[in-house]
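So you can see what is in the structure, the chains are spelled out below.
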Amino acid sequence: AENEPSWETPCTELLVYVSTPGCDGFPSLDSKESYKLSISKGSMLLSAETVWGALRGLETFSQLVGRDENGTYYINETEIVDFPRFPHRGLLLDTSRHYLPLRAILETLDVMAYNKFNVFHWHIVDDPSFPYESSTFPELSKQGAFNAMTHVYTASDVRTVIEYARLRGIRVIAEFDTPGHTLLWGPGAPGLLTPCYVGKAPSGVYGPINPIVNSTYHFVTSLFQEVSTVFPDFFLHLGGDEVDFSCWKSNPEIRAFMTEMGFGEDYKKLESFYIQRLLDIVSSLGKGYIVWQEVFDNDVKLRPDTIIHVWKENAMQYLKEMANVTRAGYRALLSAPWYLNRISYGQDWIEAYKVEPLNFEGSPEQKALVMGGEACMWGEYVDVTNLTPRLW
Amino acid sequence: RYYEYMFGHSRRRTRGRRPLAARAEPELFQLQVVIEAGDPGCDRHPQLSSSEAYRLTVTEPVAILKAYEVWGALRGLETFSQLVHEDDYGSFLVNESEIDDFPRFAHRGVLLDTSRHYLPLKSILTNLDAMAFNKFNVLHWHIVDDQSFPYQSIYFPELSDKGAYSPNLIYTPTDVRLVIEYARLRGIRVIPEFDTPGHTQSWGKGQKDLLTPCYKGRQPTGSFGPVNPVWNTTYDFMTMFFKEISSVFPDEVIHLGGDEVDFSCWKSNPEVKEFMKKQGFGSDYAKLESYYVQNILDIVSSYNKGHMVWQEVFDHKAQLKPDTVVQVWMANNYAHELSSVTGAGFTAVLSAPWYLDYISYGQDWKKYYSVEPLKFPGSEKQKKLLIGGEACLWGEFVDATNLTPRLWPRASAVGERLWSSSNVTNLQDAFKRLTNHRCRML
């Protein structure tokens with residue numbers, strides 16, 4: 001009969017052609033992820049400039065394959081030319097508020113690949129726990145992890161994550177957030193955190209990293225030396241968010257330092273003092289850096305290639321921040337409207353979908369500075385029992 | 001299974017084990033379970049009137065768990081399992097204790113919705129386990145609704161043949177028996193809900209001429225509304241259908257639904273309009289709804305079953321049987337509704353503040369925990385008519401991939417509120433215990 005679909009000779013092969021070799025390398029911010037997919041009678045061709053583009057095309061191809069009622073696999077003739085709008089498409093996981101076993105991270109990387117994400121932002125340590133096993137400072141995780149034997153990421157674990165990610169075209173950007181968010185760095189690094197005072201006596205409570213002692217910078221240099229070699233990506237995320245000044249203010253040595261340096265009562269200047277030295281250290285290690293927006297908001301002197309991560313959300317103010325950051329010439333990443341840990345009833349994916357990252361007042365040159373964005377899954381209420389259904 | 005719960009999952013195996021020193025401490029060798037009633041109930045199904053009280057005496061060398069009926073023994077066993085803990089050396093310990101316990105409310109339920117999304121048997125059974133850990137004793141199985149009809153009926157196989165999402169997304173008679181027995185062994189009643197006359201779109205797929213054809217002017221539009229209350233065939237069908245339900249589900253109570261009936265289709269249908277005139281209902285379609293509901297109540301009563309209904313049935317002034325249980329679900333001013341229902345002499349079950357499908361960010365368990373069910377204007381006698389409550393997990397956004405983390409441990413807050421005495425309200429203390437309990441449940 002005329003209307004029967006004519007099943008041609010079955011296609012048995014998808015030819016994948018990559019013009020620039022690079023299978024042994026790591027993806028980067030500049031990687032080209034474009035690909036062409038040509039499906040026609042007799043041939044199926046996936047061509048890309050780099051292997052990273054081929055990975056994206058393979059994912060698309062897998063989505064095009066259908067199955068009919070008889071169980072036959074089929075694919076429609078199609079011509080696809082595809083490339084990403086933004087080069088930095090990331091996902092943040094928080095393994096400090098709750099430890100996430102390796103399998104949860106690897107499973108997340110799989111689903112990221114299904115959705116063409118290409119950056120895994122590993123917010124690996126924070127106030128509640130320090131699960132990263134450092135070879136230079138083993139006490140950090142010994143004293144700072146929820147359980148030093150079961151709730152840590154060994155060097156081998158970290159390597160596994162990096163390689164698993166690489167095979168999916170996903171960059172791993174580690175975040176060692178300082179000077180705030182460092183409470184559980186303290187037990188394994190005595191003298192690192194600022195002792196808070198009540199009147200003239202230390203209260204026994206600790207605050208952010210102590211910015212006025214040289215030992216801090218020795219520690220930071222050594223730690224980031226290690227982190228720079230462990231994590232191959234060019235970028236490190238240095239945090240810099242939500243620094244609570246009250247502990248610094250209470251400490252007499254710090255107050256003396258403030259006077260000495262002529263900072264007056266402006267503790268933002270002290271924060272900048274620390275961050276600037278940190279940025280110098282990290283640059284000298286040959287790494288680029290991403291910082292949370294406070295570092296920009298507090299007028300820290302940044303290198304021109306710094307990437308600013310915009311996260312504060314209240315009534316769409318983030319668009320203004322995007323404008324400010326890009327107007328000042330810095331590249332920007334957007335997360336503010338994509339805090340997926342803030343669950344709500346119903347189809348809230350719609351709100352996330354409606355976000356238009358470039359919907360701010362600015363020149364085309366400014367808008368070109370938006371590298372992309374990241375969906376964040378902060379871990380206060382998330383662990384392996386609910387990560388996957390909450391995130392996807 | 002409690003042996004496995006207590007000793008099977010040794011958490012501290014990964015820590016270094018030190019050799020057990022010779023212990024001079026008292027040892028507990030045995031937990032004796034004594035059930036005092038002549039008929040302990042082991043072969044029966046739990047009921048609203050079942051006794052769930054127990055007394056637990058933990059002392060060396062033998063601990064004693066005494067209960068009047070087996071249901072109380074189950075509750076006591078759960079408590080005992082929570083008292084057993086492991087020390088750093090891998091030894092199991094339990095403190096000497098004397099516990100006298102019984103539930104504050106007799107009806108402590110969880111509603112699962114298997115129509116908006118099909119829930120595989122495994123999900124339901126896992127959920128029954130979790131319910132037992134929290135001393136819940138009623139599974140309100142909202143088994144069918146508009147979206148799908150997964151219940152495989154013996155008399156009317158077309159209902160699920162045409163109404164289920166797909167042929168393998170059904171509950172066979174064996175599946176249903178399995179759920180009922182699995183629940184029974186945990187002291188949990190299974191109350192099925194076959195919600196009519198609204199929420200019945202899926203029924204129409206397999207049962208022609210059950211739903212009301214909607215009209216536009218003189219022409220049927222092709223779409224259907226609630227169950228048609230004017231045809232005799234409707235009641236013939238319901239008579240057969242509920243005969244089956246009454247024998248399949250052993251609990252004394254069947255939930256008949258009766259919520260959210262949209263009158264617009266009835267209003268459009270000429271036969272229905274004619275009927276309204278004949279019956280003298282005027283234009284008050286609530287009267288038609290009540291006419292329908294009363295017929296169903298009579299049918300179900302003839303099978304010796306009690307009924308539960310959603311609050312609209314009461315609000316629309318249907319004539320209920322004196323032992324009908326009214327489930328209060330509308331969040332707006334539910335205390336007022338509780339007063340009305342109990343003031344009219346009916347028993348009530350509270351769900352309004354406990355719609356757990358309404359997720360929100362953060363520790364929302366606290367707001368469920370802080371509900372005081374008896375906080376409504378009424379006499380002592382009225383308050384006695386509030387027999388309990390149910391945590392509801394409607395299925396619009398829930399399936400097997402997220403049921404367990406969404407429902408638990410948030411529902412634990414409701415479980416404690418319904419079992420424990422009214423003065424157990426301290427949130428900090430509850431937080432500590434809930435965190436431990438959650439780890440235990442995992």
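Residues numbered from 1 in each chain as written. Chains lettered and ligands numbered in written order. Predicted model: local features only at pLDDT ≥ 70, side-chain atom pairs only at ≥ 80, totals over all residues. Heavy atoms only, no water.

### Concerning the overall build of chain B
On a plain count of helices and strands, chain B comes out with 17 helices and 16 strands. Here the C-alpha radius of gyration of chain B, 24 Å, is about what a compact globule of 442 residues would show, namely 22 Å. Taking the principal axes of the C-alpha coordinates as reference, chain B spans close to 90 × 50 × 50 Å. Excluding contacts between residues fewer than 6 apart, the proportion of contacts in chain B whose partners are at least 24 apart in sequence is 72%. (Helix = DSSP H or I, 4+ residues; strand = E, 2+ residues; numbered from the N terminus. Rg over C-alpha atoms; globule rule 2.2 N^0.38 Å. Contact = heavy atoms within 4.5 Å.)

### Looking at the domain arrangement of chain B
Residue and element names in this part refer to chain B. We note that the domain assignment places domain 1 (1-10 + 23-101) and domain 2 (107-441) within chain B. Counting residues at the interface gives 20 residues for domain 1 and 22 residues for domain 2. Interface area for domain 1 against domain 2, summed over the two sides, is near 1800 Å², with a carbon-plus-sulfur share of 50%. In this structure, the connection of domain 1 to domain 2 is made through one salt bridge. When the shortest N-O distance is used, the salt bridge between glutamate 52 and arginine 108 registers 2.7 Å. (Domains from an automatic or database assignment. Buried area = accessible area lost by both parts, 1.4 Å probe. Salt bridge = Lys/Arg side-chain N within 4 Å of Asp/Glu carboxyl O.)

### Some words on the pattern of salt bridges
Residue and element names in this part refer to chain B. For the structure on display, the rule yields 31 salt bridges over all chains. For arginine 433, the salt bridge is made with aspartate 429, and the minimal N-O distance between the two is 2.9 Å. Here arginine 433 pairs with aspartate 429, and both are found in helix H17 (residues 427-441), just four residues apart, close to one helical turn. You can call arginine 433 partly exposed: its relative accessible area is 33%. (Buried < 20%, exposed > 50% of the residue type's maximum accessible area, 1.4 Å probe, protein only.)

### So, the UniProt feature "domain: Glycoside hydrolase family 20 catalytic" (unreviewed entry) in chain B
Feature annotation in UniProt places "domain: Glycoside hydrolase family 20 catalytic" (unreviewed entry) on residues 105-421 of chain B, given in this structure's numbering. Spanning residues 105-421 of chain B, this segment combines 39% helix with 19% strand, and its end C-alpha atoms are found 9 Å apart. (UniProt positions renumbered as here; feature names shortened; annotations may be inferred.)

### Here's the deal with the sheet that holds strand E2 (residues 35-40) of chain A
Working definition: the strands of a sheet are paired by backbone hydrogen bonds and lie parallel or antiparallel to each other. Residues and elements named next belong to chain A. Within the open sheet, the four strands sit side by side as E1-E3-E2-E6. Their pairing is mixed. Looking at which strands have only one partner, the edges of the open sheet turn out to be strand E1 (15-18) and strand E6 (78-82). The average angle at which neighbouring strand axes cross in this sheet is 10°, direction not considered. Relative to E2, helix H1 (residues 51-64) is tilted by about 40°, and along the sheet it contacts E1, E2, strand E3 (43-48) and E6. (Pairing = 2+ DSSP bridges. Axes fitted to C-alpha atoms, helices over the stretch in contact; angles between N-to-C directions.)

### Things to note about the UniProt feature "domain: Beta-hexosaminidase eukaryotic type N-terminal" (unreviewed entry) in chain A
As recorded in UniProt, the sites labelled "domain: Beta-hexosaminidase eukaryotic type N-terminal" (unreviewed entry) are residues 28-64 of chain A. Regarding residues 28-64 of chain A, the helix share stands at 38% and the strand share at 32%, and the terminal C-alpha atoms are separated by 27 Å.

### Some points on the side chain of asparagine 402 of chain B
Along the polypeptide, asparagine 402 of chain B turns up in the loop between strand E16 (386-393) and helix H15 (403-407). Separated by 3.0 Å, the side chain of asparagine 402 of chain B and the backbone oxygen of phenylalanine 397 of chain B make a polar contact. A polar atom in the side chain of asparagine 402 of chain B sits 2.9 Å from the backbone nitrogen of aspartate 399 of chain B. Once residues lying within four places of it in the same chain are set aside, the contact partners of asparagine 402 of chain B are Pro389 of chain A together with Phe397 of chain B. (Polar contact = N/O pair within 3.5 Å; in protein donor to acceptor, adjacent residues only side chain to side chain.)

### A closer look at unusual backbone geometry
Omega for the bond connecting threonine 178 of chain A with proline 179 of chain A falls within 30 degrees of zero, at -5°, which places this linkage in the cis form. Relative to the helices and strands, proline 179 of chain A resides in the loop between strand E9 (171-178) and strand E10 (193-198). With an omega of 5°, the peptide bond running from tryptophan 408 of chain B to proline 409 of chain B counts as cis. As for its placement among the helices and strands, proline 409 of chain B is situated in the loop between H15 and helix H16 (410-419). Even without being glycine, histidine 181 of chain A reaches a positive phi, approximately 55°. Within the secondary structure layout, histidine 181 of chain A lies in the loop between E9 and E10.

### A few points about the sheet that holds strand E9 (residues 189-196) of chain B
Residue and element names in this part refer to chain B. Read once around its circumference, the closed barrel built from eight strands follows the order E7-E8-E9-E12-E13-E14-E15-E16, with strand pairing classed as parallel. The mean angle between the axes of side-by-side strands here comes to 30°, regardless of whether they run parallel or antiparallel. Pairing of strand E7 (residues 107-113) with strand E8 (residues 138-142), which is carried by five bridges, proceeds in the parallel orientation. Counted as the bridge partner of leucine 111 is histidine 140 from E8. Running over the sheet, helix H3 (residues 121-133) touches E7 and E8 and is turned about 150° from E8.

### Quick notes on a nonpolar patch on the surface
All names here are of chain A. On the surface, a cluster of nonpolar side chains totalling about 300 Å² of accessible area is made up of Leu15, Tyr17 and Leu45. Mapped onto the secondary structure, tyrosine 17 falls in strand E1. Relative accessible area serves as the criterion here: at 52%, tyrosine 17 is assigned to the exposed category. (Patch = residues over 30% accessible without salt bridge, like charges linked within 9 Å, V, L, I, M, F, W, Y side chains within 5 Å. Areas by Shrake-Rupley, 256 points an atom, 1.4 Å probe, with all protein chains shown as cover.)

### Focus on the UniProt feature "active site" (unreviewed entry) in chain A
Residue and element names in this part refer to chain A. Under the UniProt annotation, "active site" (unreviewed entry) lies at Glu242. By secondary structure assignment, the location of glutamate 242 is in the loop between strand E12 (235-239) and helix H6 (246-250). Taking relative accessible area as the criterion, glutamate 242 reaches 45% and is therefore assigned partly exposed. Every residue in contact with glutamate 242, bar those within four places of it in the chain, is listed here: His181, Glu294 and Trp311.

### Examining the domain arrangement of chain A
Residues and elements named next belong to chain A. Domain annotation for chain A reports domain 1 (15-82) and domain 2 (88-391). When each unit is reduced to the centre of its C-alpha atoms, the spacing between domain 1 and domain 2 is 34 Å. Between domain 1 and domain 2, the residue contacts involve 16 residues of the former and 20 residues of the latter. Interface of domain 1 and domain 2: buried area, both sides summed, is about 1300 Å²; carbon and sulfur atoms make up 56% of it. Its largest share of buried area at the contact with domain 2, domain 1 owes to Phe26, Leu29 and Arg56, together 47% of the area lost on that side.

### Remarks on the interface of chain A and chain B
In many reports, interface size means the accessible area that the parts give up when they come together. Counting residues at the interface gives 16 residues for chain A and 17 residues for chain B. Taken together, both faces of the contact between chain A and chain B bury some 1400 Å²; the carbon and sulfur share is 65%. The largest per-residue losses of area from chain A upon contact with chain B belong to Ile343, Tyr345 and Tyr381 of chain A, which jointly make up 42% of the total buried on that side. The tally of links between chain A and chain B comes to one salt bridge. Across the salt bridge formed by aspartate 383 of chain A and arginine 438 of chain B, the nearest N and O atoms sit 2.9 Å from each other. Our count for the contact surface shared by chain A and chain B stands at four residue pairs in polar contact (both at pLDDT 80 or more).

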